[in-house]
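# Chains, contacts and geometry: an overview
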Amino acid sequence: MREEFVSNCEKDTISFAKSLSKSLTPGSVISLFGDLGVGKTHFVKGIAEGLEYRGDVTSPTFNIVNEYLGGKLNIYHFDMYRITGWDDLYSTGYFEYIENGGVVITEWSENIEGALPADTIKVTITRIDDTKRKIVVER
Ligand SMILES: Nc1ncnc2c1ncn2[C@@H]1O[C@H](COP(=O)(O)OP(=O)(O)O)[C@@H](O)[C@H]1O
Ligand SMILES: [Mg+2]
């Protein structure tokens, strides 16, 4: 299934992600594709809001994974920007996180494409202009 959405502002991206969060189940993996500044982290904010997580959502640039616990499902938010091989990926705990019943969301999924489960929800965000984004969801 392929779904396309045009977001006109940051809030649109958040509410689109929020609606997508309704279809998530334990073990879901969402992979985000797109350049720096397209809105990947804002998309994760929407997922977190939709799952009723109350805390802050920030880019896990330095720690590679942020855990958002206590919502309807636990969320594990990865930044794969600096992951360059299988050893790196194993050491982040990525595979264990997928098995433990939460939702795994990855930014810079380009770097781990070979390690995405077959039923991964792929979200590609592209910049149209300063405030508009095209969001394509494939699952
Ligand atoms: N339609 C939009 N959707 C999401 N972010 C947008 C949109 N329009 C402008 N922005 C801005 O783009 C930036 C996206 O930042 P961020 O979510 O951190 O991107 P990424 O994680 O992809 O690097 C923010 O400054 C946000 O305000
Ligand atoms: Mg980001």
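Each value, and the rule that gives it
Residues numbered from 1 in each chain as written. Chains lettered and ligands numbered in written order. Predicted model: local features only at pLDDT ≥ 70, side-chain atom pairs only at ≥ 80, totals over all residues. Heavy atoms only, no water. Phe/Tyr/Trp six-rings, centres within 6.5 Å; stacked < 30°, edge-to-face > 60°. Helix = DSSP H or I, 4+ residues; strand = E, 2+ residues; numbered from the N terminus. Buried < 20%, exposed > 50% of the residue type's maximum accessible area, 1.4 Å probe, protein only. Lys NZ or Arg CZ within 6 Å of the ring centre and 35° of its normal.

### Description of the packing of aromatic side chains
Taken as a whole and assessed by the stated rule, the structure comprises 11 aromatic pairs. Aromatic side chains tyrosine 53 and tyrosine 68 sit 5.1 Å apart centroid to centroid with 35° between the ring planes, which places their arrangement in the tilted category. Residue tyrosine 53 is found in the loop between helix H2 (40-50) and strand E3 (65-68), and its partner tyrosine 68 is found in strand E3; the two are separated by 15 residues along the sequence. Here the two residues tyrosine 53 and tyrosine 68 agree in accessibility, since each one is buried. Between the aromatic rings of tyrosine 94 and phenylalanine 95, the centroid separation amounts to 5.0 Å while the plane-to-plane angle is 75°, which identifies the pairing as edge-to-face. Its relative accessible area of 25% is what places phenylalanine 95 among the partly exposed residues. An aromatic cluster is defined as three or more aromatic residues linked by ring pairs; in this entry it consists of Tyr76, Phe78, Trp86, Tyr90, Tyr94, Phe95 and Tyr97. When the ring centre of tryptophan 108 is taken as origin, the NZ or CZ atom of lysine 40, which lies over that ring, is 4.4 Å away.

### Focus on unusual backbone geometry
Peptide bonds are mostly trans, and most non-glycine residues show a negative phi. For isoleucine 64, which is not a glycine, the phi torsion comes out positive at approximately 70°. Relative to the helices and strands, isoleucine 64 is located in the loop between H2 and E3. Even without a glycine there, the phi angle at tryptophan 108 is positive, about 55°. Note that tryptophan 108 resides in the loop between strand E5 (103-107) and strand E6 (121-127).

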